[in-house]
Amino acid sequence: MEDRESTYASTVLELLDEYWIDLRGPLGARELAAFRAAGLRGSFAILSAWPPFGERASEREGRAATDRLRRELLLRRVRPIDVLAGSPDRKHREPSLAAALDDATARQLALAFRQDAYFWFDGEHMSIRWCDGSPDTLLPR
């Protein structure tokens, strides 16, 4: 079984049912244009509410948690953007939400939803921000 860092670092993002962004490679003009097309400009977080690495839950439970996260973002007057984050082979895909948040709020929400990590885009680079205080992982590795 892969470790959590390798699993997170090999994530593929699906945006707007038309853009496929592979975080194993560098983000270029095409990927940056996809973020802009989805309404993501500047820095943003990609958050999941699904059970953390290695835990199991039903599809219904995962969707309910994502709905709770969506409501939390809307309460903060932040428009969430739907993102499917998953494995390159698409065997694992979990609905996630991208949102223009500051890093402290993103971390707070990730912790509230018991996440191991969240993705952070600083306007140029994507990284994995670990909730346990481990050093960030700059992508691609």
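Before going further, it helps to examine the overall build of the protein chain. Counting its secondary structure elements, the protein chain contains four helices and eight strands. Secondary structure elements in the protein chain, listed N-terminal to C-terminal, are α-β-β-α-β-α-β-β-α-β-β-β. By the compact-globule yardstick of 14 Å for 141 residues, the protein chain fits well, its C-alpha radius of gyration being 14 Å. With the principal axes as the frame, the protein chain shows a C-alpha extent of 40 × 35 × 30 Å. Taking all 141 residues of the protein chain together, the buried fraction comes to 45%. A total accessible area of about 7800 Å² is found for the protein chain, and carbon and sulfur atoms account for 49% of it. Measuring between centres, the 21 positive side-chain charges of the protein chain sit 4 Å from its 23 negative side-chain charges.

Considered for burial, the residues of helix H2 (residues 29–37) that qualify are Glu31, Ala34 and Phe35. All buried residues of H2 lie within an arc of 100° about the axis, which places them on one face of the element. Buried residues along H2 sit against strand S1 (12–15), strand S2 (19–22), strand S3 (44–48), strand S6 (117–121) and strand S7 (126–130).

Our next topic: the pattern of salt bridges. Inspection of every chain in the model, using the stated rule, returns eleven salt bridges. The salt bridge partner of Glu14 is Arg93, with a shortest N-O separation of 2.9 Å. In this pair, Glu14 sits in strand S1 while Arg93 sits in strand S5 (residues 93–99), placing the two residues 79 residues apart along the sequence. Judged by relative accessible area, Glu14 falls into the buried class, the value being 17%. Arg93 gets classed as partly exposed once you look at its relative accessible area, which sits at 38%. Across the pair Asp103 and Arg129 runs a salt bridge whose closest N-O atoms are separated by 2.7 Å.

Another point: the layout of surface pockets. Remark: the empty space left among the atoms is shown by a probe the size of a water molecule rolled over them. If you add up the space inside the second largest pocket, you get close to 220 Å³. Elements supplying a minimum of two residues to the lining of the second largest pocket: S1, helix H3 (59–75), strand S4 (81–86) and S5.

Below, the discussion takes up the sheet that holds S1. In a beta sheet, neighbouring strands pair by backbone hydrogen bonds and run either parallel or antiparallel. With antiparallel pairing, eight strands are arranged side by side in an open sheet as S2-S1-S4-S5-S3-S6-S7-S8. Both outer strands of the open sheet, S2 and strand S8 (137–138), are each paired with one neighbouring strand and no more. Across two bridges, the pairing between S7 and S8 is antiparallel. Bridging from a neighbouring strand, Ser127 pairs with Leu138 of S8.

Turning our eyes to something else, we now look at the packing of aromatic side chains. Enumeration over the complete set of coordinates arrives at five aromatic pairs. Between Phe44 and Phe121, the ring centres sit 5.1 Å apart and the planes meet at 35°, which makes this aromatic pair tilted. In this pair, Phe44 sits in strand S3 while Phe121 sits in strand S6, placing the two residues 77 residues apart along the sequence. Grouping residues by exposure puts Phe44 and Phe121 together as buried. Counting every residue linked through ring pairs, the aromatic cluster contains Tyr8, Phe119 and Trp130.

What counts, and where the lines are drawn
- Along every chain, residues carry numbers that run from 1 in the direction the sequence is written.
- Local features in this predicted model are restricted to residues whose pLDDT is 70 or higher, and side-chain atom pairs enter the listing and the counts only when it is 80 or higher, whereas totals over whole chains, interfaces and linings include all residues.
- Side-chain measures here rest on the full set of heavy atoms in the structure, leaving out hydrogens and waters.
- Helix and strand labels come from DSSP, where a helix needs a run of H or I of at least four residues and a strand needs a run of E of at least two; each type is numbered from the N terminus.
- A radius of gyration in this sense is built from C-alpha atoms; the matching globule rule multiplies 2.2 Å by the number of residues raised to 0.38.
- Three labels apply to residues, based on accessible area from a 1.4 Å probe with only protein chains included: buried if under 20% of the type maximum, exposed if over 50%, partly exposed otherwise in between.
- Accessible surface area values rest on a Shrake-Rupley calculation with a 1.4 Å probe, where residue burial reflects the displayed protein chains alone.
- This count recognises Lys and Arg as positive and Asp and Glu as negative, with His and chain-terminal groups excluded.
- Note that the charge is assigned to NZ on lysines, CZ on arginines, CG on aspartates and CD on glutamates.
- Taken from the helix axis, the directions to the C-beta atoms give the arc we talk about.
- In what follows, residue pairs with any heavy atoms lying within 4.5 Å of each other are defined as contacts.
- Every case where a carboxyl oxygen of Asp or Glu lies within 4 Å of a side-chain nitrogen of Lys or Arg is listed as a salt bridge.
- Only protein atoms enter the 1 Å grid used here. Points where a 1.4 Å probe fits but cannot escape make up a cavity, open sets with protein on both sides within 12 Å along at least five of seven lines make up a pocket, and a residue lines them when an atom lies within 4 Å of a point.
- Grid points are joined across faces, edges and corners, and a volume is the space filled by probe spheres set on the points.
- A pair of strands is labelled paired if DSSP reports no fewer than 2 bridges between them.
- For Phe, Tyr and Trp, rings pair up if their centres lie within 6.5 Å, where Trp contributes its six-membered ring, and each pair is then called stacked (planes under 30 degrees apart), edge-to-face (over 60) or tilted (otherwise).

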